[in-house]
Structure formats: C-alpha cells, structure tokens
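# Structural features, examined
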Amino acid sequence: MPTSMLLKRLGIFIINDFIQASECASLCHEMHAADTTQAEILKESLHTECLDEEIRQTQYCQISDSAQNSINQRLMNLKPALERHFQTPLADDFEHAKFLKYNKGDFFSPHTDAQYQRKINITINLNSAQSATSELGFTGGELRLYGLIQQAGFANKGIAAPAHAGCLIAYPVDIVHEVTPITQGKRLSIVSRFLSKA
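First things first, this report covers the structure right here in the doc. (Residues numbered from 1 in each chain as written. Predicted model: local features only at pLDDT ≥ 70, side-chain atom pairs only at ≥ 80, totals over all residues. Heavy atoms only, no water.)

## Here's the deal with empty space enclosed by the protein
What counts here: Of the grid points, spaced at 1 Å and generated over the protein atoms alone, those admitting a 1.4 Å probe that cannot get out make up cavities, while open sets with protein on both sides within 12 Å along at least five of seven lines make up pockets; any residue with an atom within 4 Å of a point is treated as lining. Grid points are joined across faces, edges and corners, and a volume is the space filled by probe spheres set on the points. Gly is put with the polar residues, along with every residue not named as nonpolar or charged; the nonpolar set is Ala, Val, Leu, Ile, Met, Phe, Trp, Tyr, Cys and Pro, and the charged set is Asp, Glu, Lys and Arg.
Counted by the stated rule, this structure contains 1 cavity of 30 Å³ or more. The space that makes up the largest cavity amounts to roughly 170 Å³. Taken together, 18 residues form the lining of the largest cavity, with Phe 108, Thr 123, Tyr 171, His 177 and Val 191 sitting closest to its centre. When grouped by side-chain class, the residues that make up the lining of the largest cavity number 8 nonpolar, 6 polar and 4 charged.

## A closer look at the sheet that holds strand β7 (residues 90–102)
Selection criterion: DSSP-based pairing: two strands are paired if at least 2 bridges between them are found. A run of H or I in DSSP counts as a helix once it spans at least four residues, and a run of E counts as a strand once it spans at least two, with each numbered from the N terminus. Note on definitions: angles span 0 to 180 degrees between N-to-C directions of axes, and those axes are lines fitted to C-alpha atoms, for helices only across the stretch in contact.
Taking strand neighbours across the sheet as the criterion, the 7 strands line up as β1-β13-β9-β16-β7-β6-β2 in an open arrangement whose pairing is antiparallel. With one partner strand each, in any of the chains shown, β1 (13–15) and β2 (35–38) form the two edges of the open sheet. When strand polarity is set aside, the average angle formed by the axes of neighbouring strands in this sheet is 30°. Note: strand β6 (residues 59–62) against β7, 2 bridges, orientation antiparallel. Paired with Gln 59 across the bridge in β7 is Lys 101.

## Observations regarding the sheet that holds strand β8 (residues 107–111)
Overall, antiparallel pairing links the 5 strands, which are arranged β5-β8-β14-β11-β12 in an open sheet. The sheet is open, and its two borders are formed by β5 (56–57) and β12 (159–160), each paired with just one other strand. Both strand β11 (residues 143–145) and β12 contribute to a ladder of 2 bridges, which runs antiparallel. Within β12, the position partnered with Leu 145 by the bridge is Ile 159.

Structural data, given as structure tokens:
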C-alpha cells in the first residue's frame, strides 16, 4: 500500500499537489539565494524560543513578502477543510508560514508541538526526495510520524510521510514526529500551525 494511502487511512490529511511544480521551483530558487537564520525550538517552560542544536539543526529562509502572503492566504483558505477533517474548530489566526532549509547533516529530533493553543501541524514539501546525484532533490530528511498504529510492536516505528514537491501534510500537534538527518542535498519545506479556537 502506498505510504500516502496508509497515512490517509490513519487520519492524516494530505493534498498531493497543494503547490504546483513551477511555483515550487520558483520558491526553491528564492530560498537558495535567501538570507537565513538558525531555527530555534520553543521552550514552553521558559516561555521563549532558543537554540538547541542537539535537538534541531535547520535554517529559516527570509523570503519576499509577496511569496509569504501568497502561501499564508492559501493556508487560511484551507481552514474549513481542516476543521471538517479533524472535526475540531480552529482559530481564525494561525502561525504563519516559515520557510525551512535543511542542509546536509541537519535534522529535527523526535518531538511534539503540543504547546499553547497549537492544534494542527502543516508541512509542505518544496522539493523531492530523490537520488543523491540530483541537484534539485535530497536524500535522508524523512518526516516520520510515530504512534499512528495502536498495536504492540508499532510504538517506536515511524511512518515516513510523502516526500514529493508540492505535497501538503497536516496532522495533530500531539503526534510525535521527526525529520531524519539529511544525507545529501538540501531539503526545502514550509511549516505552519493552526491553533485551537478559544
């Protein structure tokens, strides 16, 4: 069974072509040239974000306002479909899109994002997992989701999400997930989060 079909049966929300190939290529080009800052993690106990390279190594790309606004508007338009799928009301506000670049060796250790009012995680792939010889793709860098199969022996077995350009994956923030280390190339993606309605 294809991974995307399995994940859909397990309740994960997937749109295979949320962003068209030509726009993915344009965003990748902009991200390759963009200024970057080191991505942080949220320390809820400290009510702040901070660097912790033992947990996360990746970079935020500073891209144009027009590109950010276009993605954010499409994410906002997705809200009704997410509410129906996950059967939960979501706030009108949400965490706006962040554009991430994972270089060789970068990763994000297993974690959840269940802090504050966060409810639904969004990941959008902008390039594809391909052979190490591809200039546009990457190897490694799997988004793996854990705990989806409630049977003995599956607790520590993650399921890799689809890794082709343009694909959007949405899942509850309390699902343990990780990005495995990049072995070749650069993984480019967008992340966002919808919040629970107060």
